[in-house]
Number of protein chains: 2
Amino acid sequence: MPTPTSDAIEPLKVACASCNLRELCLPVGLNASELSKLDDLVTKRRSVSRGDHLFRNGERFESLYAVRTGFFKTCVNSEDGRDQVTGFQMAGELLGLDGISSDHHHCDAVALEDSSVCVIQYAQLEELSREFTVLQHSFHKIMSREIVRDHGVMLLLGNMRAEERLAAFLLNLTQRLQARGFSASSLVLRMTREEIGSYLGLKLETVSRTFSKFQEDGLMEVKQRQLRILDQAGLQALVNNSRC
Amino acid sequence: MPTPTSDAIEPLKVACASCNLRELCLPVGLNASELSKLDDLVTKRRSVSRGDHLFRNGERFESLYAVRTGFFKTCVNSEDGRDQVTGFQMAGELLGLDGISSDHHHCDAVALEDSSVCVIQYAQLEELSREFTVLQHSFHKIMSREIVRDHGVMLLLGNMRAEERLAAFLLNLTQRLQARGFSASSLVLRMTREEIGSYLGLKLETVSRTFSKFQEDGLMEVKQRQLRILDQAGLQALVNNSRC
DNA sequence: CGACCACTTGACGCTCATCAACTAGAGTGG
DNA sequence: CCACTCTAGTTGATGAGCGTCAAGTGGTCG
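Being a predicted model, the structure only gives us computed values, none of them experimental.

(A) Quick peek at the overall build of chain A. Within chain A one finds seven helices and twelve strands. In terms of overall size, chain A behaves like a compact globule, its C-alpha atoms giving a radius of gyration of 19 Å where 244 residues would be expected to give roughly 18 Å. Reported as C-alpha extents along the three principal axes, the dimensions of chain A are approximately 55 × 40 × 30 Å. Burial statistics for chain A: of 244 residues in total, 54% are counted as buried. Contacts in chain A between residues at least 24 apart in sequence constitute 73% of all its contacts with a sequence separation of at least 6. Total accessible area on chain A is roughly 10800 Å²; 49% of this is exposed by carbon and sulfur atoms. Positive and negative charge centroids in chain A, built from 29 and 32 side chains respectively, lie 4 Å apart.

(B) Quick look at the protein's contact with DNA strand C. Neighbouring residues of DNA strand C: 17 residues in total, closest Arg193, Ser208 and Ser212 of chain A together with Ala162 and Thr206 of chain B. Contacts to DNA strand C include Ala162 of chain B, whose backbone N or O atom sits 2.6 Å from a phosphate oxygen. The side chain of Glu205 of chain B places a nitrogen or oxygen atom 3.3 Å from a base nitrogen of DNA strand C. Residue assignment for the surface near DNA strand C shows that the elements contributing at least two residues are α6 (204–216) of chain A together with α6 (204–216) of chain B. Here the surface near DNA strand C gets five residues from one element, more than from any other, and that element is α6 of chain A. For the surface near DNA strand C, the class distribution of residues is three nonpolar, six polar and eight charged.

(C) Molecular detail of the UniProt feature "domain: Cyclic nucleotide-binding" (unreviewed entry) in chain A. UniProt's feature table lists "domain: Cyclic nucleotide-binding" (unreviewed entry) at residues 26–96 of chain A, given in the numbering used throughout. Along residues 26–96 of chain A, the helical share is 14% and the strand share 45%, with 13 Å between the first and last C-alpha atoms.

(D) Representation of the UniProt feature "domain: HTH crp-type" (unreviewed entry) in chain A within the structure. What UniProt calls "domain: HTH crp-type" (unreviewed entry) maps, in this numbering, to residues 160–233 of chain A. Between the end C-alpha atoms of residues 160–233 of chain A the distance is 18 Å, and the span holds 55% helix and 15% strand.

(E) Representation of the relation of the copies chain A and chain B. Overlaying chain A with chain B gives an RMSD of 0.0 Å, the required rotation being 180° about an axis along which the chain moves by 0.0 Å. Both chain copies can therefore be described as sitting about a two-fold axis. Residue Arg130 of chain A of chain A places its C-alpha closer to the rotation axis than any other residue of that unit, at 2.2 Å. A symmetric contact is evident, with 100% of the interface residues of chain A recurring at the interface of chain B.

(F) The arrangement of the interface of chain A and chain B in detail. Facing 47 residues of chain A, the contacting portion of chain B comprises 47 residues. Taking both sides of the interface into account, the surface hidden between chain A and chain B amounts to around 4400 Å²; carbon and sulfur atoms contribute 56%. Looking at the side of chain A facing chain B, the largest losses of area belong to Arg82, Arg130 and Met154 of chain A, adding up to 17% of the total buried there. Across the chain A-chain B interface, the total number found is four salt bridges. Residue Lys141 of chain B pairs with Asp103 of chain A through a salt bridge whose shortest N-O separation is 4.0 Å. Here chain A and chain B share 31 residue pairs in polar contact (both at pLDDT 80 or more) between them. Among the elements of the structure, β6 (83–90), α2 (122–131), α3 (133–159) and α7 (232–240) of chain A are those that each provide at least two residues to the side of chain A that touches chain B.

(G) Just helix α1 (residues 32–41) of chain B, in detail. All names here are of chain B. Within α1, the full set of buried residues consists of Glu34, Leu35, Leu38, Asp39 and Leu41. For α1, the buried positions fall inside an angular range of 150° around the axis, keeping them on one side. More than 90 degrees from the buried face of α1, the exposed residues found are Ala32 and Asp40. In this structure Asn31 caps α1, since a side-chain oxygen of it lies 3.1 Å from the backbone nitrogen of Ser33.

(H) Looking closely at the sheet that holds strand β3 (residues 53–55) of chain B. Ordered by their spatial adjacency, four strands build an open sheet running β3-β8-β5-β6 (chain B), and the pairing between neighbours is antiparallel. The sheet is open, and its two borders are formed by β3 and β6 (83–90) of chain B, each paired with just one other strand. The mean angle between the axes of side-by-side strands here comes to 30°, regardless of whether they run parallel or antiparallel. Across seven bridges, strand β5 (residues 71–77) of chain B lies against β6 of chain B in antiparallel orientation. Considered in β6 of chain B, the bridge of Thr74 of chain B is made with Gly87 of chain B. This element, α3 of chain A, spans β5 and β6 of chain B of the sheet and lies at about 120° to β6 of chain B.

(I) How the structure looks around unusual backbone geometry. Residue and element names in this part refer to chain A. The phi torsion at Asp103 lies on the positive side, around 60°, for a residue other than glycine. Locating Asp103 in the fold gives a position in the loop between β7 (94–95) and β8 (108–111). Asp103 gets classed as partly exposed once you look at its relative accessible area, which sits at 25%.

(J) Broad picture of the pattern of salt bridges. Scanning the entire structure with this criterion turns up 26 salt bridges over all chains. With a closest N to O distance of 2.7 Å, Asp217 of chain A and Lys213 of chain A form a salt bridge. What makes Asp217 of chain A partly exposed here is its relative accessible area of 44%. For Lys213 of chain A, a relative accessible area of 32% puts it in the partly exposed group. Connected via shared salt-bridge partners are Asp80 and Arg82 of chain A together with Arg161 and Glu164 of chain B.

About the thresholds
- Residues numbered from 1 in each chain as written.
- Chains lettered and ligands numbered in written order.
- Predicted model: local features only at pLDDT ≥ 70, side-chain atom pairs only at ≥ 80, totals over all residues.
- Heavy atoms only, no water.
- Helix = DSSP H or I, 4+ residues; strand = E, 2+ residues; numbered from the N terminus.
- Rg over C-alpha atoms; globule rule 2.2 N^0.38 Å.
- Buried < 20%, exposed > 50% of the residue type's maximum accessible area, 1.4 Å probe, protein only.
- Contact = heavy atoms within 4.5 Å.
- Areas by Shrake-Rupley, 256 points an atom, 1.4 Å probe, with all protein chains shown as cover.
- Lys, Arg positive; Asp, Glu negative; His and termini not counted.
- Charge placed at Lys NZ, Arg CZ, Asp CG, Glu CD.
- Near = heavy atom within 4 Å.
- Polar contact = N/O pair within 3.5 Å; in protein donor to acceptor, adjacent residues only side chain to side chain.
- Nonpolar A, V, L, I, M, F, W, Y, C, P; charged D, E, K, R; others polar.
- UniProt positions renumbered as here; feature names shortened; annotations may be inferred.
- Least-squares fit on C-alpha atoms with pLDDT ≥ 70 in both.
- Buried area = accessible area lost by both parts, 1.4 Å probe.
- Salt bridge = Lys/Arg side-chain N within 4 Å of Asp/Glu carboxyl O.
- Arc of directions from axis to C-beta.
- Pairing = 2+ DSSP bridges.
- Axes fitted to C-alpha atoms, helices over the stretch in contact; angles between N-to-C directions.

Rendered as structure tokens:
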């Protein structure tokens, strides 16, 4: 149950121009004057406590959200109660793109730790991107990148075996963390085995077993959610060599 | 092997305004004057023979393609030679959205029957969509719809069993055919069992077996690629009731 | 300290992949 | 027109991989 207090809207001015995520987020490539225009659009910040929803499937779509701090998962659910995690989002990544299609969200977005997001009014974003070619183009690129990413997940779900899936997942995660200035080898998972399993099309027991196997094989150290990659090349080899 | 002659560029004028796909394709919601502007943009048509590529992974991205007639598949391939069909496209559907992310295509698009497409210069589309709000919005909706569709496939690949996957696939296919004025019950597959399997994360033998089982169960008639749906509700029930 | 939840590990069985043999239909050439 | 070939599809036998069920461990929080 989400507590209403956790979704407090902060009226604080958030300056994209001074945000350290501006090279990862929507503002990529904008010049100073364009950035200041973008700031007029991103006027609200919102805090979401761990476990709470940023938005839910079926809710009216009005805004995109850029993760400022924290960590999210998105998941779709079928009528008969099946649940599929479609992605994990960290700082600088955009949430809510699915909502554009029908003015309603098609998935749930849940904070996996206490998080804060920048609220981007979608109507205003469309307006501003008619004015600034660069913004328009980079928004399109972000949507397209999401499509490419999803196709990669389809490849993973359709073709790979459990070990390959988990290895690919870990490499993707560490790569994104590294792009944000974190260590490429040491990380703390924000999600449960079950959530990883849901994303990868596996059961939590299989995820757990595969972690144990990676540890036995000297590829990594696993202490609950504390991970240390010992052999990145080894993980990469697992992903690439389907038959070995 | 693609024959060079099959990719002939036809300089024919293609009028979106008079195209019978305008309610399914990019022009949705545009008025007469906007439609005529769009026509200035969509100046080329291209024919692609069965088996030939419309574009390939790695090629420079310059245009989107709207399927005018025919049928396509798109597939991604990993470094180690794995192949995953990411979608099947029919009349009115857009191809190439993945290319926007990096100015290069990230998948192959192959015609499954002799086909023709409208060539949409992407740079011009961006330009025009800065001018026409409606076009901008409907383009965004198309991209978002692609994301939503991909999430649906992820749910299918991550959670469903073979019968459920095939049933969901068939229902999706007939629904799209019906939207184009074809029968909801009788159809001819344009793709092989292997291509269906690749899309659904199954092997061709499993697809074949599952078709046979559906036939035994009286859900449909299967004669090679000629299908007839006998019990649509039965297929729907398969998709919805994961435990029966 | 006790309760709870995430996680681990083992035993077993189902689903689907794999391998293989066979059939049907389409295209080819004598 | 018939044999020949090629590809797509069907069907059977077998087993690997992962799901399921169950018991147990460890860390966390009230």
